[in-house]
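Summary of structural features
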Amino acid sequence: MFVELCITSNFTFLTGGSHAEEYVDRAALTGMRALAVADVNSVAGIVRAHTFSREIAKMAEARARLEAEQGIIGPPKPAHLPEPYRLPIDNAPRLLPAARIVTEEGLAITALPRDRAAWGRLSRLISTGRLRAEKGSCLIRLGDLGSALDGMELLLHPPGAGLRKRVGPLLKRYRDDMHLVLAPRYDGRDAQRFTHLAALAKELGLPTVASAEPIMHHGRRRKLVDVLSAVREGVRVEALGHLAQPNAERRLRSESEMLRLFAGHEDAVHRSGEIADRLGFQLDELRYEYPSEIADGETPSARLSRLARRGLRERYPAGAPERVSKMLEHELALIAKLKYEPYFLTVNDIVAFARSRGILCQGRGSAANSVVCYALGVTSVSPEIGTMVFERFVSEARDEPPDIDVDFEHERREEVIQHIYQRYGRHRAGLCATVIHYRGKRAIREVGRAMGLTEDTIASMSSQVWGWGGTGMRSARLREIGLDPDDPKLDQVLDLVDEIQGFPRHLSQHVGGFIITEGRLDELVPIENATMEDRTVICWDKDDIDALGILKVDVLALGMLTCIRKAFGLMESHLGIDHTLASLPPEDPVVYDMLCRADSLGVFQVESRAQMNFLPRMKPRTFYDLVIQVAIIRPGPIQGDMVHPFIRRRNGEEAVEFPSDALGAVLGKTLGVPLFQEQAMQIAITGAGFTPEEADQLRRSLATFKKHGSVSDFRTRFIRGMRANGYDLDFAERCFSQIEGFGSYGFPESHAASFALLVYASAWIKCHHPGIFCCALLNAQPMGFYAPAQIVRDAREHGVEVRPVCINASYWDNVMEPDGKGGLAVRLGFRQLRGMAEEEAAWITAARGNGYAVVEDVWRRSGVSPRLLARLAEADAFADLGLSRREALWEARAITGEKPLPLFAGDLDGEGIVEPAAYFPEMSEGEQVVEDFVSMRLTLRSHPIALIRHMLTPERGAPV
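These lines cover the structure that appears in this document, whether it is placed above or below. Computed from a predicted model, the values in this text were never measured in an experiment. Sequence order sets the numbering: in each chain, residues are counted from 1 along the sequence as written. With the structure being a predicted model, the display of local features is reserved for residues of pLDDT at least 70 and the display and counting of side-chain atom pairs for 80 or more, all residues being used for whole-chain, interface and lining totals. Processing note: side-chain calculations cover all non-hydrogen atoms of the structure and skip hydrogens and water entirely.

On to the overall build of the protein. Helix numbering and strand numbering both begin at the N terminus, where a helix is a DSSP run of H or I of at least 4 residues and a strand a DSSP run of E of at least 2. On a plain count of helices and strands, the protein comes out with 41 helices and 18 strands. The burial tally for the protein puts 54% of its 960 residues in the buried class. Contacts are residue-level and defined by heavy atoms, with any inter-residue pair within 4.5 Å sufficient. For the protein, long-range pairs separated by at least 24 residues make up 73% of all intrachain contacts whose partners lie at least 6 apart in sequence. Between buried and exposed lies partly exposed: a residue is buried under 20% and exposed over 50% of the maximum accessible area for its type, with that area taken using a 1.4 Å probe on protein chains only.

A few words on the pattern of salt bridges. For this analysis, a salt bridge means a side-chain nitrogen from Lys or Arg found within 4 Å of a carboxyl oxygen belonging to Asp or Glu. Under the defined criterion, the tally for this structure stands at 61 salt bridges. For E455, the salt bridge goes to R449, with nearest N and O atoms at 2.9 Å. The exposure class of E455 is partly exposed, given its relative accessible area of 45%. D554 is the salt-bridge partner of K552, the closest N and O atoms lying 2.8 Å from each other. No difference in accessibility class separates K552 from D554, as the two residues are buried.

Let's shift gears to the environment of C774. Tracing the sequence through the fold places C774 in helix α33 (residues 770–779). For the pair formed by C774 and A567, sequence separation is 207 residues and the distance between their alpha carbons is 8.9 Å. Once residues lying within four places of it in the same chain are set aside, the contact partners of C774 are I791, V792 and A795.

Turning to the packing of helix α23 (residues 609–618) against helix α26 (residues 643–650), a few remarks are in order. Note on geometry: axes are lines fitted to C-alpha atoms, helical ones only across the stretch in contact, with angles between N-to-C directions running from 0 to 180 degrees. Running from amino to carboxyl end, α23 crosses α26 at an angle of 25°, the nearest separation of the two axes being 11 Å. Relative to α26, α23 is oriented roughly parallel. Facing α23, whose interface residues are F614, R617 and M618, α26 presents V643, H644, F646, I647 and R650. For classification, angles of less than 35 degrees are called roughly parallel, those exceeding 145 degrees roughly antiparallel, those between 65 and 115 degrees roughly perpendicular, and all remaining angles oblique.

A word on the nonpolar core. As used here, the term nonpolar core means buried Ala, Val, Leu, Ile, Met, Phe, Trp, Tyr and Cys residues forming a set that is joined through side-chain atoms within 4.5 Å. Ranked by internal contacts, the top residues of the largest apolar core, which has 100 residues, are I564, L595, I807, F830, I844, L872 and F878. Setting aside anything within four residues of it in sequence, one finds I564 in contact with L360, L581, L758, A761, S762 and I765. Within the second largest apolar cluster, 77 residues are counted, among which are A118, I140, L180 and L283.

Let's shift gears to helix α38 (residues 885–894). Within the sequence span of α38, burial applies to R885, A888 and A892. Taken around the axis of α38, the buried residues stretch over an arc of 70°, which confines them to a single face. For α38, the exposed residues lying more than 90 degrees away from the buried face are R893 and A894. In this fold, the buried residues of α38 make contact with α36 (855–862), α37 (866–874) and α40 (925–936). Working definition: the arc comes from the directions between the helix axis and the C-beta atoms, pointing outward to the latter.

This paragraph deals with a nonpolar patch on the surface. On the surface, I945, I948, M951 and L952 cluster together into a nonpolar patch covering about 390 Å² of accessible area. With respect to the element layout, I948 can be found in the loop between α40 and α41 (949–952). Nonpolar side chains (Val, Leu, Ile, Met, Phe, Trp, Tyr) are joined into patches within 5 Å and like charges within 9 Å, using only residues with over 30% relative accessible area and no salt bridge. Each accessible area is a Shrake-Rupley result for a 1.4 Å probe, and residues are judged covered by the shown protein chains and nothing else.

If a strand is regular, its side chains alternate between the two faces of the sheet. For strand β5 (residues 108–113), a buried count of 6 out of 6 residues is recorded, marking the element as mostly surrounded by other parts of the structure. Judged by which residues are buried, β5 turns out to be covered on both faces: A108, T110 and L112 on one side and I109, A111 and P113 on the other are all buried. One ladder, built from 4 bridges, connects strand β4 (residues 99–102) with β5; its direction is antiparallel. Following the sheet pairing, V102 is matched in β5 by A108. A pair of strands is treated as paired once DSSP finds two or more bridges between them. Hairpin connection of β4 to β5: 5 residues between the antiparallel strands, including G106 at a positive phi of 105°. Pairing geometry for β5 and strand β6 (residues 152–156), over 5 bridges, is antiparallel. Bridge pairing in β6 places P113 opposite M152.

This paragraph deals with unusual backbone geometry. Note the cis peptide between Q781 and P782, where omega equals 5°. In this model, A598 sits at a positive phi of 60°, which is unusual for a non-glycine residue. If you trace the backbone, A598 turns up in the loop between α22 (589–596) and α23. Assessed through its relative accessible area of 17%, A598 is described here as buried.

This part is about the environment of L376. Here L376 shows up in helix α13 (residues 371–376). For L376, a relative accessible area of 13% gives the class buried. Discounting residues that sit within four places of it in the chain, L376 has contacts with L304, L307, A308, F344 and N348.

This brings us to the side chain of D554. Among the secondary structure elements, D554 is positioned in strand β15 (residues 552–558). Filtering out sequence-adjacent residues up to four positions away, D554 remains in contact with D403, I404, D405, V406, H510, G512 and G513.

This paragraph deals with the sheet that holds β4. If you trace the 5 strands from one edge of the open sheet to the other, you get β4-β5-β6-β7-β8, paired in mixed fashion. Strands with a single pairing partner mark the edges of an open sheet, and in this sheet they are β4 and β8 (208–210). Neighbour to neighbour, the strand axes of the sheet diverge by 35° on average, direction disregarded. Relative to β4, helix α3 (residues 116–132) is tilted by about 40°, and along the sheet it contacts β4, β5 and β6. Helix α9 (residues 266–277) contacts β6, β7 (178–182) and β8 of the sheet and is inclined by roughly 95° relative to β8.

Taken in spatial order, the 3 strands line up as β16-β18-β17 in an open sheet, and their pairing is mixed. Every other strand in the sheet has two partners, leaving β16 (802–803) and β17 (815–818) as the edge strands with one partner each. Two strands pair when backbone bridges link them, and β16 and strand β18 (residues 824–827) are joined in this way by 2 bridges, in the parallel orientation. Bridge assignment links V802 to a residue of β18, and that residue is V826. Contacting β17 and β18, α33 crosses the sheet at an angle of about 145° to β17.

What is shown is where atoms sit, not what they do.
In structure tokens form, the structure reads like this:
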């Protein structure tokens, strides 16, 4: 049978016109038993094709089981089958991993590895070319091929006359593995071309193989392919010329079509199937290549068990509760059974490095909120808090590694990233990619320009991008912005915009997802340079990694951890208090009183206006209340109408009822309202009879920012299962509606628990040490909702003395200093000034000694530029020298840093030029406030509104 071996997907960016999944779907519908996605110098898209092919196979198996159960013989009618088993598919096509290698000289060879070792060589070859070039490019040379293509089936695309002599060494080495590709051009001369190429193949001693070389799965994508070409070339579609597709023929072909196209060369058509039969490698073979993490001869299992038990003794000096001890043994047994010990040890070692450097970190994720991770110190969330869901995320049913995210201080995360590179080597560790897809404004801008729309029209349309709905809605929006919805060209543009949505545009760098392997990473997946210096990335994103079950550790950045660590440092140096996240006094009622007043400016996760509005209604009194507080003010729970029922039940305005004891056990802690992803999964398992695998698919559809699929696909299956288990239809639909409200914003309980710990920690510091909290928060900027001016104003309202920037007292960072009353005051640092670098502040403080007496001293002793002196003067930093802002600026402007003019040289050699003192009128309060905001974005003087309040408040008795 014919097998297509030269498919180009849209991961050959701005060239391919179809998703890899669409090719697989089309191949399945046409009965093709295998296909090869071979993008140019890339394997970025094949995991998606592999995953989709696997899903089709599972659907076919499920259909076969259902047919057997129902006694159906022959092709069943669609009505006999429940969703989602309605696809008329009997056999899933097998994905053949491949890549089209295009060299700098122009030679093109499609390489199809026969085994795992050959895949490793192909991956290293692509890595060589990509690490040699800038991000997004690949530079492979003929000399790189050498032995790199051993163990592969090679399809040689006809080389130009100038290359035929240069491919001699390759032909000599790989003659038994190589075929010459025959591909139609659909220009009326294909028959003569095939005859010519067959003669060339005979001359070279190569057999031929047929391919349609599709760049789209269906001919209807021709217009979109032209648009992509126009975007790639930076021209309008009408100016593409020979680069435009002359027809819609470069599509995936069935065997019958290929036999018709290659009449007289049928052997080349059938030879593709023979090649496919020799390819035994599948992407599933890439699994379980984790670092062994063997240290000093100790096995991973023994090492993890020893570290976990030792950590538990440290966490519970008086002895761990029996429940916690049993949970630890259960988790260790499950981890050992699934051989995930190396994963936990890798995370432990990364966290241990951070702790050794004084870098604050906190793990989160369902596996992170386990007793094992609590004992290892990966998380500080006690196992008694929340609902332990370890089995749901580390289970035999999922058969894939657990998920642990570790947040590090955002200012020091790079130290951790470079440590990972150094420890494992760049050949064993790399960051995941993030696929940048066409969405909204980008789609409108690039398609609009390619189609020749004016910039004004494109700007008007992109401004309404979130308003597009159905056809009627779209027409109404176009009329509102003055465009004609009946314009054929405009209608075509919008159709193309809809079609391009979700297409990959390019690869970017994941925020922190590291893939770490036991062997060479570049033999698992190609590595390439990132835009950021000293970063290397792979071409697969987190969904691809999850699909293959490959270890990934998320090394993420969190500004609040920077703030808390700096606050802990200030508390230790000034107050002698040594705290960690785990040692803070728990369940402090004064802290909860503060939160109930919505006094939470700057507090992690609960500082938004929506959270502040909800805090007095929620009235949190326990840590688990904070877990709920974090999770409930999210788009998912709000859209799913979960907020109001929860508050009514919490306040006793509505009875808390459960339709069954089984669901009561799932929803009891949230008063019968599903708030977390874990609850959605458990409702599906307990109430609707989902298998663990189906529940995991439901969880994936709820995952944050999921690009494809919808939870709505599970509706029929869910409601049928609930009805079968005795729940009434109204309850089943309401329950699914609430789960559906999660949409792309469902929040896991495990993440909420980790975040809640940071909520409590930041609230505790703000409550008991507001000055230190203000200082640390300012030093951790930029982060959070609020600008420095609001943070300072809030601190002063809490009785904190905040002192201005001073040339003789300030440092780069904001610091705490004695206030003369037995307390501490915040001294603003030079970092608050616009246009000042940390290095310049370091020179000023290093040369300060016993203090500066005049403005010129700063220039002479520290060597900073006159420009910086002027900035300091504008910020009123010389007030400690008895100079007003204008006086200091006058002196700063007199320092030019240049040699004196000859006319005044003699005067300067003597006593110098004596100028009369300049008189400057005193600045008004309003002028001072304006200058404060201009120079440092905050003021310690009057609030701007206070200066015009008399204009806003009518006099008593005056008419309103």
